[in-house]
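# Tertiary structure, described
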Amino acid sequence: MAVLQFYKHSELLFEHPLRSSSLTIGRSDRCDVALPGELISRTHLVLHRRGANWVLRDCSKHGVLVDGNPLEEKKLLQGGEWISVGAYRLRISKEIRQLEETHEEPTSAVDIIVASSEEIVSIKALIKVIEGTDKGEAFELSAKKNTVGRGEDAIALSDPSVVSNHAQFIVSRGRVMVSALNGPVFLDGLSVHDLTPVFPGECVRLGDTVLEVQQKQRSEQASSLGFGRLVSEDPLMRNVFGKLRCFAAHEAPILIMGESGTGKELAAHAVHECSKRNKGPYIAINCGAIPENLIESELFGHEKGAFTGAERRHDGVFHQANGGTLFLDELGELSLSSQSRLLRVLESGEVRRVGGRRIEHTDVRIVAASNRNLAKMIKEGSFRQDLLFRLSVLCVILPPLRERSSDISLLAHTLLKQMSPKKSMSKGALNKLKAHTWPGNVRELRNVLHRAVVLSRDVIQEQDVSFFSLEHGRLAETPCLPSVEEEQRIIKDLLLRCGHNISAVARELGIPRSTLVYRMKKLGVFISEEESVTVVD
């Protein structure tokens, strides 16, 4: 997996994995990676994935250098180029790295899981000693591979006729198989030479010990300490992880709801990794970032000459994700006409390229996400109800960080370990993080830590932790948030200055339009039919 390396002078500050299809870098906490500095614009540059390479686009007023040469507008990177941004130097490294494992084997790999809206039933495999010195002992086969024998084996027996690494029990989706390692194994009296299935009620003999394979069924609350790269100690979030882990075993579409920055794309990628499609491609697309006239081409592809500029045949994301998972991010940003085109493909399974006649069928599992209130949009007539029904067969809501403040310490230390393993954090810095309200959720936390890593020495101190908030109609660095009255005044003044254009105000503030709409609703700021701005307490 490629990573983006960040240097200051000759020191490597941190590395950012290039997992998504695009990456924004700038001074604003709304960027995927936030960098401090007077020569860093709010949104300085954007990287877009193009096949195995990346396209670099300059969005700043200060400029970008590539290998010492000014970037005109955009450039296709091959990997290894030095990108100069203010006082920082960036480089894409395509070296394949073996990452440290951060979570356990997916439960669905060793258990049979039956999920419903009411409960989750887990059927676990176990072996019970029915003859031998350990008679009556039962051992749960909790891992995918379980060695049985003497000494340091996962399942240790005291039978002197059993040797170390005597046998191995392998579990896949609740199905138990046994193989001989260093000792003889007999299944119902017959010698086992190869990996052999063992069904409940059947017996396996190792030396003088007889093991019976059994099943244990229990109804349990969906809960998991982590899911993919997502971690949490909050009971509500762990319940979400448990549901997502169960959903991953199915083929039905999944809808992930939640505010911006809560980790919807990480959840979608983890669903793919925990599913049987994990050997196939994972393709992510931001529906809100595609112009209306190109949406059909991006989704379904086009033939050569289909329109002006179509110089060659193009595969849409449905083709690219064939045999894998397609993640449709910011679903609520699609226009009604685009929603109709998407619904037609989802219902029929038929994909036709723009300008083409031949119908193709692709094998794609859909995971969609949105930070908007789709039910409200349906009532307003801006979102199709049938599309929501089609995509929300399985649905979860990721809670915002402010509703699970107990996770801040765990997330901060986890993210800091990923960014700079040698650095630590003082108690004062951690308390300052806990006192913040996190409107940008986990993305904002990551960016705050990125900035603190750059500004600190060996230990991140309280003064190294800083946030961004609204002040004087722009994003400005400050250790605290403005009062409600001050935020209301700022937004009201900008609305009047921008002719009541909410999108223009969002651009002035450097935040997504959906975030501004959410803040206006929370603050009671409304635009009346007479185009006057009112504040309702």
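Right, let's walk through the structure included here. (Residues numbered from 1 in each chain as written. Predicted model: local features only at pLDDT ≥ 70, side-chain atom pairs only at ≥ 80, totals over all residues. Heavy atoms only, no water.)

Attention now moves to the environment of Asn-447. Residue placement: Asn-447 occurs in helix α10 (residues 441–455). Residues Asn-447 and Arg-27, spaced 420 residues apart in sequence, show a C-alpha to C-alpha distance of 9.4 Å. (Helix = DSSP H or I, 4+ residues; strand = E, 2+ residues; numbered from the N terminus.)

Spatial strand order, β4-β3-β5-β6-β9: five strands in an open sheet with mixed pairing. Two strands lie at the open edges of the sheet, namely β4 (33–34) and β9 (74–77), each paired on one side alone. For strand β5 (residues 45–50) and strand β6 (residues 53–58), the ladder comprises six bridges, and the chain directions are antiparallel. Across the sheet, Arg-50 pairs through a bridge with Asn-53, a residue of β6. (Pairing = 2+ DSSP bridges.)

Mapped onto the elements, Val-129 comes out in strand β13 (residues 120–131). Sequence separation of Val-129 and Leu-211 is 82 residues, and the distance between their C-alpha atoms is 4.6 Å. With near-sequence residues (within four places) excluded, Val-129 lies in contact with Asp-134, Lys-135, Gly-136, Glu-137, Phe-139, Leu-157, Thr-209, Val-210 and Leu-211. (Contact = heavy atoms within 4.5 Å.)

Applying the stated criterion to the full structure yields 13 salt bridges. Across the pair Glu-259 and Arg-402 runs a salt bridge whose closest N-O atoms are separated by 2.4 Å. One end of the pair, Glu-259, is in the loop between β26 (254–258) and α2 (264–274); the other, Arg-402, is in the loop between β32 (394–398) and α8 (408–419), and 143 residues separate them in sequence. In this structure Arg-402 comes out as partly exposed when scored by relative accessible area, which is 35%. In this structure, Glu-360 and Arg-358 form a salt bridge, with 3.6 Å as the shortest nitrogen-oxygen distance. Within the structure, one salt-bridge network assembled from shared partners comprises Asp-315, Arg-353, Arg-358 and Glu-360. (Salt bridge = Lys/Arg side-chain N within 4 Å of Asp/Glu carboxyl O. Buried < 20%, exposed > 50% of the residue type's maximum accessible area, 1.4 Å probe, protein only.)

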